[in-house]
Amino acid sequence: MNRLDIDQLSVTYQNGVKALQHISLDISNGMFGLLGPNGAGKSTLMKTIMGLQRPRQGTITFNGEDAVENPAFLRRQTGFLPQDFGVYPKVSAYDLLQHLAILKGVNNARQRKTQILDLLAKVNLYDVRHKAVHTFSGGMKQRFGVAQTLLGHPQMIIVDEPTAGLDPEERNRFNILLNDISEEMIVILSTHLVEDVRNLCSRMAIIRQGTLLATGAPEDMITGL
Ligand code: ADP
Ligand code: ADP
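Residues numbered from 1 in each chain as written. Chains lettered and ligands numbered in written order. Predicted model: local features only at pLDDT ≥ 70, side-chain atom pairs only at ≥ 80, totals over all residues. Heavy atoms only, no water.

S.K.: Explain the side chain of Glu 161 to me, using residue names and the numbers behind them.
M.R.: Note that Glu 161 resides in the loop between β7 (156-160) and α6 (168-181). Notably, Glu 161 is buried but unbridged: the nearest opposite-charge side chain belongs to Lys 42, and the N-O separation is 5.0 Å. Once you skip the residues sitting within four places of it in the chain, Glu 161 turns out to touch Lys 42, Gln 83, Ser 190, Thr 191 and His 192. (Helix = DSSP H or I, 4+ residues; strand = E, 2+ residues; numbered from the N terminus. Buried < 20%, exposed > 50% of the residue type's maximum accessible area, 1.4 Å probe, protein only. Lys, Arg positive; Asp, Glu negative; His and termini not counted. Salt bridge = Lys/Arg side-chain N within 4 Å of Asp/Glu carboxyl O. Contact = heavy atoms within 4.5 Å.)

Written out as C-alpha cells, the structure reads:
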C-alpha cells in the first residue's frame, strides 16, 4: 500500500498569488479525485506533488520519504499523464514505447519487450501495436498515454482531465482502465467533472481558490452538487 501525506501545504507564486493555502490530504491506493473549477489550484498541487514547484510551507511525504527535500525520489515513482500529449512521431506504438523505455534506462532487451507487450495488453492496444500512434483515435491516444505513464513501474500516477474530448464510449473505456490500475497504486484524477469523480473515485477533495473545502468519500460529499 502506498501513502501520500500532504500536511499544511501552502504555495505562493512569485507575483504574490496564494495558489494553495494550508492543504492537508492523506492519499492511499485507489482513485483519488481532485475536483475544482479553473484556477482552483489543481495544477499547482500536481506540480508541487511532482516536485516541480517548491511549497512556501508544509510537507509532502511519500511512503515515508520527505518529497520536498528529496523531489527526485518522488519523481522516479510518479507518472504524469497531461491533458494533451500533443504530437506523435510517425512510428508504431511498439517502437515508440521501446524508445521511451530505452530512455528510461530499461537496458535488458528481453525485459523491455516483456514490459512493453504487457503494457500494450493492459491498455488494450496489443492488437494495434504495429500501427502508428498518430493514426490512433483520441481514446486510443489517451490509453497509449497511460502505457507511457506506466513505463518504469510508478507507484503513483497523476492524470489531468484525461477524458476531455473523448466520446462517451471511449471515456467509459478509459475510466475502466484507470480504475483497474488504481488497484495497484495511487491514481490522482484532476478534473472539473463532478460526474467522473462520482463514478470513479473512492476518495476526493474539493478545492476552490487554493483552499480545501472538503475531503472524504464522494457519496458523502457530492449528493447535493
Ligand atoms: P503552464 O502551462 O506551465 O501553467 P502557462 O503557459 O500557463 O504555463 O504559463 C506561462 C508562464 O506564465 C509561466 O512562466 C507561468 O509561470 C506564468 N503564469 C501562468 N499563469 C500565471 C498567472 N495566473 N499569473 C502570472 N503568471 C502566470
Ligand atoms: P487549476 O489547475 O485548478 O486551474 P492553477 O493551479 O493553475 O489552477 O492556478 C491556481 C492559481 O494560481 C490561479 O489563480 C492562477 O492564475 C495562479 N497561477 C498558476 N500558475 C501561476 C504562475 N506560474 N505564476 C503565478 N500565478 C500562477
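S.K.: Talk me through the environment of Gln 209; I want residue IDs and the actual numbers.
M.R.: You can see Gln 209 is positioned in the loop between β9 (203-208) and β10 (211-216). When its relative accessible area of 68% is taken as the criterion, Gln 209 is described as exposed. As a C-alpha pair, Gln 209 and Asn 175 span 34 residues in sequence and 27 Å in three-dimensional space.

S.K.: Outline the packing of helix α3 (residues 93-103) against helix α5 (residues 138-150), supporting the account with residue identities and numerical values.
M.R.: Close contact between α3 and α5 brings their axes to 10 Å; oriented N to C, the two are set at 25°. Comparing their axes, α5 and α3 come out roughly parallel. Classified by chirality, the crossing of α5 by α3 is right-handed. From α3, Ala 93, Leu 96, Leu 97 and Leu 100 reach across to α5, where they touch Phe 144, Ala 147 and Gln 148. In terms of residue class, the contact of α3 with α5 is made up of 6 nonpolar, 1 polar and no charged. (Axes fitted to C-alpha atoms, helices over the stretch in contact; angles between N-to-C directions. Parallel < 35°, antiparallel > 145°, perpendicular 65-115°, else oblique. Left-handed = near helix turned anticlockwise from the far one by under 90°. Nonpolar A, V, L, I, M, F, W, Y, C, P; charged D, E, K, R; others polar.)

S.K.: For the side chain of Lys 42, give the residues involved together with the corresponding values.
M.R.: Within the secondary structure, Lys 42 sits in helix α1 (residues 42-49). In terms of polar contacts, Lys 42 uses its side chain to reach the backbone carbonyl oxygen of Gly 36, at 2.8 Å. In this structure the side chain of Lys 42 is engaged in a polar contact, spanning 3.0 Å, whose partner is the backbone oxygen of Pro 37. (Polar contact = N/O pair within 3.5 Å; in protein donor to acceptor, adjacent residues only side chain to side chain.)

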